[in-house]
Amino acid sequence: MVLDQGELTQLMIMVELFDGVDKPASIAKNVGITIQGVNYHLKILKKKGLISETNEISKEGFSFLESGLGSLREFVSENMAKIDNIVTWEAIADVDIKEGEEVGIYMESGYLHAGKVEGRAKGISRNNALKGEIVAASINGIIGVEYGKIQICVLPSVEAIDDKEEFAANISGEFQSGSRIAVVGEEALFAVSISGKKPDIEFASLDGVFEAATRGLDSVLFISSRRFHYLLPQLKELQNRYKEIGLKIKYL
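The shown structure was predicted, so the numbers you read here are calculated from the model rather than taken from an experiment.

**Q** A description of the packing of aromatic side chains should follow, citing residues and the corresponding values.
**A** Counted by the stated rule, this structure contains 4 aromatic pairs. Summarising the aromatic geometry, the rings of Phe-175 and Phe-222 are spaced 5.7 Å apart at their centres and angled 75° between planes, so their arrangement reads as edge-to-face. On the criterion of sequence distance, the pair formed by Phe-175 in the loop between α5 (164-172) and β7 (180-184) and Phe-222 in strand β8 (residues 219-224) is long-range, its members being 47 residues apart. No difference in accessibility class separates Phe-175 from Phe-222, as the two residues are buried. Ring geometry for Phe-228 against Tyr-251: centres 6.2 Å apart, planes inclined by 85°, an arrangement best described as edge-to-face. Highlighted residues: Phe-228 in helix α8 (residues 225-241) and Tyr-251 in strand β9 (residues 246-251), separated in sequence by 23 residues. Judged by its relative accessible area of 58%, Tyr-251 falls in the exposed class. One cation-aromatic arrangement involves Lys-197 over Phe-175; the distance from NZ or CZ to the ring centre is 5.7 Å.

**Q** Can you break down the side chain of His-113 residue by residue, with the values?
**A** Along the chain, the position of His-113 falls in strand β3 (residues 111-115). Judged by its relative accessible area of 9%, His-113 falls in the buried class. A distance of 2.8 Å separates a polar atom in the side chain of His-113 from a polar atom in the side chain of Asp-94. Not counting chain neighbours up to four residues away, the residues in contact with His-113 comprise Ala-91, Ile-92, Asp-94, Gly-104, Ile-105, Tyr-106 and Glu-108.

**Q** Account for the packing of helix α2 (residues 24-31) against helix α3 (residues 35-47), with residues named and values stated.
**A** Describing two packed helices takes the angle between their axes plus the distance from one axis to the other. Where α2 meets α3, the axes come as close as 8 Å, and the angle between the chain directions of the two elements is 105°. The orientation of α2 relative to α3 falls into the category roughly perpendicular. Across the interface between the two elements, Pro-24, Ala-25, Ile-27 and Ala-28 from α2 touch Ile-35, Val-38 and Asn-39 from α3. Here the residues of the contact of α2 with α3 are counted per class, giving 6 nonpolar, 1 polar and no charged.

So, how was this worked out
Residues numbered from 1 in each chain as written. Predicted model: local features only at pLDDT ≥ 70, side-chain atom pairs only at ≥ 80, totals over all residues. Heavy atoms only, no water. Phe/Tyr/Trp six-rings, centres within 6.5 Å; stacked < 30°, edge-to-face > 60°. Helix = DSSP H or I, 4+ residues; strand = E, 2+ residues; numbered from the N terminus. Buried < 20%, exposed > 50% of the residue type's maximum accessible area, 1.4 Å probe, protein only. Lys NZ or Arg CZ within 6 Å of the ring centre and 35° of its normal. Polar contact = N/O pair within 3.5 Å; in protein donor to acceptor, adjacent residues only side chain to side chain. Contact = heavy atoms within 4.5 Å. Axes fitted to C-alpha atoms, helices over the stretch in contact; angles between N-to-C directions. Parallel < 35°, antiparallel > 145°, perpendicular 65-115°, else oblique. Nonpolar A, V, L, I, M, F, W, Y, C, P; charged D, E, K, R; others polar.

Any functional reading would require information beyond the geometric quantities listed.
Structure representation (structure tokens):
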């Protein structure tokens with residue numbers, strides 16, 4: 001969906017309506033147009049069937065809102081990627097580095113490093129840094145990163161757990177060498193704990209495993225069936241944002 005200037009303004013107005021702002025004067029102030037402009041676009045939105053006569057968003061309006069915001073997100077992501085190629089990034093110095101020195105830039109254990117390693121990505125240091133310190137470098141080239149994988153293990157309801165030892169054995173069978181362990185909620189923390197492990201990620205865990213995957217790290221996330229139901233909308237959004245990341249869902 002490609003938005004023209006008028007549709008972009010209408011999208012901004014619908015976001016205001018979605019947030020409960022329905023007075024034209026308030027919408028005009030937030031969007032940055034005149035009250036007359038707001039009324040003009042409200043008439044168009046009503047004519048299109050995207051809002052009701054009382055300025056409530058219709059089913060079609062929600063579809064327009066979702067697709068419009070999705071298009072804006074893609075536009076921003078694509079152009080931010082272009083900017084990222086010329087901006088300065090921070091990295092961990094693997095050797096002593098002098099300001100103005102060319103260095104290799106690479107990922108290691110989920111973090112960006114700078115050193116003497118040859119590769120496609122290089123950078124120019126913006127500061128002096130000793131080994132182990134932080135160096136700021138402008139990056140040219142592509143940093144070689146293989147996306148990590150995510151496995152989500154959905155736990156049975158607490159009422160269905162009869163044998164705790166068998167339950168712990170089932171959980172232990174899902175631990176994978178080198179993978180981060182993430183939990184969402186109390187049952188997941190209990191399950192990992194009785195299996196003799198400590199979680200690496202405990203809060204904002206769904207976002208955490210996706211960020212870890214973008215840094216080349218695998219993760220196993222444990223979550224109760226109750227909580228998983230409420231996490232599905234967020235999971236769908238993250239899958240759409242990170243289409244390259246492999247995701248597996250397993251019900252235990």
